[in-house]
Amino acid sequence: LPRLVVSVWGSDVVWHSGREPAGRRFWLRFALRQARAVTAASQFLAGRVRSLTGDGTVEIVPFGVDCHLFSPAGGDRDSPARIGFVKHLERIYGPDVLLRAFAALVEEGHDLRLVIVGDGSERGRLQELAGMLGVSGRVEFRGHLPHEELPRVLSSLSVFAMPTGVVPRGGSLIL
């Protein structure tokens, strides 16, 4: 038997364009059936694998965090809370969802700042949205940063937010 281990990630088994690429299902099912073991980072992705193969055990191996490298710096209690997002600025990752939720919290009177790290096709639209929502003075668009700078940025945050712009079929998005 082959000693193949397959680890699936989001775009391996979830197609965000609405249509799966031609031939993708055939080759993916072939690889999954040849594997001695299959891992996925979440229950959702494991379910997608099972729906493609019809059976099989999928081990869930969550993303890990080096707690020595990524640890809170401890902030000044009198400073505004800092919420942060680090990802490609694409609709699928929900930066607009975060921006709208942030604006709602600010409207309720919370003294907050939002740090958005990343770049992508949605950056201009997000900057416009921040202006329309009246929070552009509280939102910092940092652009793409080298990986080695992320621990410093993340340790400066009060809250790290990772929304999603995709709702699984039959699911719901709760804010």
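Read on for an overview of the structure. Numbering of residues starts from 1 in every chain and runs along the sequence as written. In keeping with the predicted nature of the model, local features appear solely for residues at pLDDT of at least 70, side-chain atom pairs appear and are counted solely at 80 or more, and the whole-chain, interface and lining totals rest on all residues. Values reported for side chains reflect all heavy atoms of the structure, with hydrogen atoms and water molecules removed beforehand.

### Re the packing of aromatic side chains
For the record, the criterion: Any pair of Phe, Tyr and Trp rings, taking the six-membered ring for Trp, is counted once the centres come within 6.5 Å. Such a pair is stacked with planes under 30 degrees apart, edge-to-face with planes over 60 apart, and tilted for the rest. Only protein chains enter the accessibility calculation, which uses a 1.4 Å probe; a residue is then buried when its area is under 20% of its type maximum, exposed when over 50%, and partly exposed in between. A ring has a charge above it when a Lys NZ or an Arg CZ is no more than 6 Å from the ring centre and no more than 35 degrees off the ring normal.
Enumeration according to the criterion identifies two aromatic pairs in this entry. On the numbers, 4.9 Å between centres and 85 degrees between planes, the contact of Phe-26 with Trp-27 is edge-to-face. Taken as a pair, Phe-26 and Trp-27 share a single burial class, namely exposed. Taking the relative accessible area as the measure of exposure, Trp-27 reaches 57% and is therefore exposed. In this arrangement the basic side chain of Lys-87 is found over the ring face of Tyr-93, its NZ or CZ atom lying 4.6 Å from the centre.

### Focus on the environment of Glu-108
So the rule is basically this: Put simply, DSSP H or I for four residues or longer makes a helix, DSSP E for two residues or longer makes a strand, and each gets a number counted from the N terminus.
For Glu-108, the position within the fold is in the loop between α4 (95–107) and β5 (112–117). Its relative accessible area of 59% is what places Glu-108 among the exposed residues.

### What about the nonpolar core?
So the rule is basically this: As used in this record, nonpolar core signifies buried Ala, Val, Leu, Ile, Met, Phe, Trp, Tyr and Cys residues forming a set joined through side-chain atoms within 4.5 Å.
In this structure, Ile-83, Leu-99, Phe-102, Leu-114, Ile-116, Val-135 and Val-139 are the most contacted members of the largest nonpolar core, which totals 18 residues. Listed by contribution, the elements that provide at least two residues to this core are β4 (81–86), α4, β5, α5 (123–132) and β6 (139–143). Looking at which element gives the most residues to this core, the answer is α4, with five residues.

### Description of the sheet that holds strand β2 (residues 37–40)
The cut-off we apply is this: In short, DSSP must find at least two bridges between two strands for them to pair. We call two residues contacting when some pair of their heavy atoms lies within 4.5 Å. For helices, the fitted axis covers only the stretch in contact; all axes are lines through C-alpha atoms, and the angles between them, taken along N-to-C directions, range from 0 to 180 degrees.
Within the open sheet, the three strands sit side by side as β1-β2-β3. Their pairing is parallel. Two strands lie at the open edges of the sheet, namely β1 (5–8) and β3 (59–60), each paired on one side alone. Two strands pair when backbone bridges link them, and β1 and β2 are joined in this way by four bridges, in the parallel orientation. Considered in β2, the bridge of Ser-7 is made with Thr-39. Here helix α3 (residues 43–53) sits on the sheet in contact with β1, β2 and β3, set at roughly 140 degrees to β2.

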